[in-house]
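Here are the chains, one letter per residue:
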Amino acid sequence: MDWAAWIERWGEANVLAVGGLVLGLAFWFFAQRSKFCLRAAVIEFWHRRFGDKLAVWLLAFATAVVAVQGLILAGALEVSTARQLSARGSLSGALVGGLLFGLGMVMTRGCASRLLVLSANGNLRALLSGLIFAVTAQASLGGILAPWREAISGWWVVEGGPSRDLLALLGVGHGMGLAFGLVWMAAALHFAVRSGWGFWKWAGGAATGLTVALAWWFSYQVMAHSFEPVQIQGLTFSGPSAEWLMRVLAEPGKPWSFGLGLMPGVFLGSLAGALLGREWKLEGFGGAYTMPRYIVGAVLMGFGSMLAGGCAVGAGVTGGAIFALTAWVTLVGMWVGGGLADWLVDRPRAAPSAGTLAASASSHAP
């Protein structure tokens, strides 16, 4: 492929936008078909039910790690200039942001990317939550919440370079990173076989992870063949959500980018998957309790994602695949925060319901 010719003809911004659109279509078509969801995996883990939802997430994550590390070892990818590794980061922001994101993810019943998928499937709860998430993310980036974000991020700062590269900190190379991914893949396959998967679970889970690696490879190729400075980047949804919000409200003439192409690609890919699987249907709020829960959860996710520097896909899978230290801290925070939200919010509500059903059954017993 003649990258230089394409870039010279269409420009870096348009090539990146089209690539984002195509990868967005692929990512969330397979994510929708495989039911890829960090929130569902976290719930299964903390409930000690190691089933298909945990296996799907593990397979996607492990595939992304193996593919990215394999591309690096093959000389087809170089990620040292990626923002997650080269720029100054915040461990306090990663931890607190991950915890807040995990709390919000469980309250809204889906992470930022999952909300976009569910919106395309006709879920109005997810649509409202996604809009609130985007508004909060923008407010945290450069609005009223920005001072809070900057203050928390300043508690524990880590410089870019080797200090932010987990493999460098551990004194191991990309070969060990590849081996680590293969171990996680073996664990995912163990749970998958035990769950009795069908075709879409296998294909969708693996393809979801592959698109993460392809996003890194694509943006690297554009950067390597570009005539202008281009930042290598991967799949993420917090920044593009805020970017699309501002484009709609205030900046319609802003140049296209990888993230701006990614969002409609995700929506259209999910819509195609829902229509193909005959799963599209309108869904609203079920009761008075539901709406406040979704609003608070979306706010926590929006602020947490900007604090952590990414969402469940952006920081968790995309950043985790290149072994960015802050991404792994964020990922741990998300799993812990999700478990806390389930324990504090969902389990207390589930217990009375179970008790009520038991009492009702005993009262009607002969």
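Above this text you will find the structure in question.
Residues numbered from 1 in each chain as written. Predicted model: local features only at pLDDT ≥ 70, side-chain atom pairs only at ≥ 80, totals over all residues. Heavy atoms only, no water.

Q: What is the right way to read empty space enclosed by the protein from this model?
A: Over the atoms a probe the size of a water molecule is rolled, and this reveals where empty space is left. Taken as a whole, this structure holds one cavity of 30 Å³ or more when the rule is applied. Lining the largest cavity are Arg83, Gln84, Arg164, Ala308, Gly309, Ala315, Thr326 and Ala327. Contributions of two or more residues to the lining of the largest cavity are made by helix H5 (83–86) and helix H17 (325–363). Split into classes, the residues belonging to the lining of the largest cavity amount to three nonpolar, three polar and two charged. (1 Å grid on protein atoms, 1.4 Å probe; cavity = no way out; pocket = protein on both sides within 12 Å on 5 of 7 lines; lining within 4 Å. Points joined across faces, edges and corners; volume = space filled by probe spheres on them. Helix = DSSP H or I, 4+ residues; strand = E, 2+ residues; numbered from the N terminus. Nonpolar A, V, L, I, M, F, W, Y, C, P; charged D, E, K, R; others polar.)

Q: Honestly, the side chain of glutamine 221 in this entry has me stumped. Any pointers?
A: Relative to the elements of secondary structure, glutamine 221 occurs in helix H12 (residues 199–225). Other than its neighbours up to four places away in sequence, glutamine 221 contacts Trp3 and Ala76. (Contact = heavy atoms within 4.5 Å.)

Q: Which parts of the structure should I look at to understand the nonpolar core?
A: Within soluble globular proteins, side chains that are nonpolar generally end up buried alongside one another. Counting 72 residues, the largest nonpolar core has Phe36, Trp57 and Phe101 as the members making the most contacts within it. Beyond its immediate stretch of four places on either side in the chain, phenylalanine 36 contacts Phe27, Trp28, Ala31, Val56, Trp57, Ala60, Arg114, Thr208, Val313 and Val317. (Core = buried A, V, L, I, M, F, W, Y, C linked by side-chain atoms within 4.5 Å. Buried < 20%, exposed > 50% of the residue type's maximum accessible area, 1.4 Å probe, protein only.)

Q: Sorry, what's going on with the pattern of salt bridges here?
A: A side chain of one charge can pair with a side chain of the opposite charge when the charged atoms of the two come close. Per the stated rule, a full pass over the model turns up two salt bridges. One salt bridge connects arginine 88 with glutamate 159, and the closest N-O pair in it is separated by 2.9 Å. Separated by 71 residues along the polypeptide, arginine 88 in the loop between H5 and strand E1 (89–90) and glutamate 159 in the loop between strand E2 (157–158) and helix H10 (166–170) bring together distant segments of the chain. You can call arginine 88 exposed: its relative accessible area is 58%. Linking arginine 149 and glutamate 150 is a salt bridge whose minimum nitrogen-to-oxygen distance equals 3.8 Å. (Salt bridge = Lys/Arg side-chain N within 4 Å of Asp/Glu carboxyl O.)

Everything listed here is a matter of coordinates, which is why it stays silent on function.
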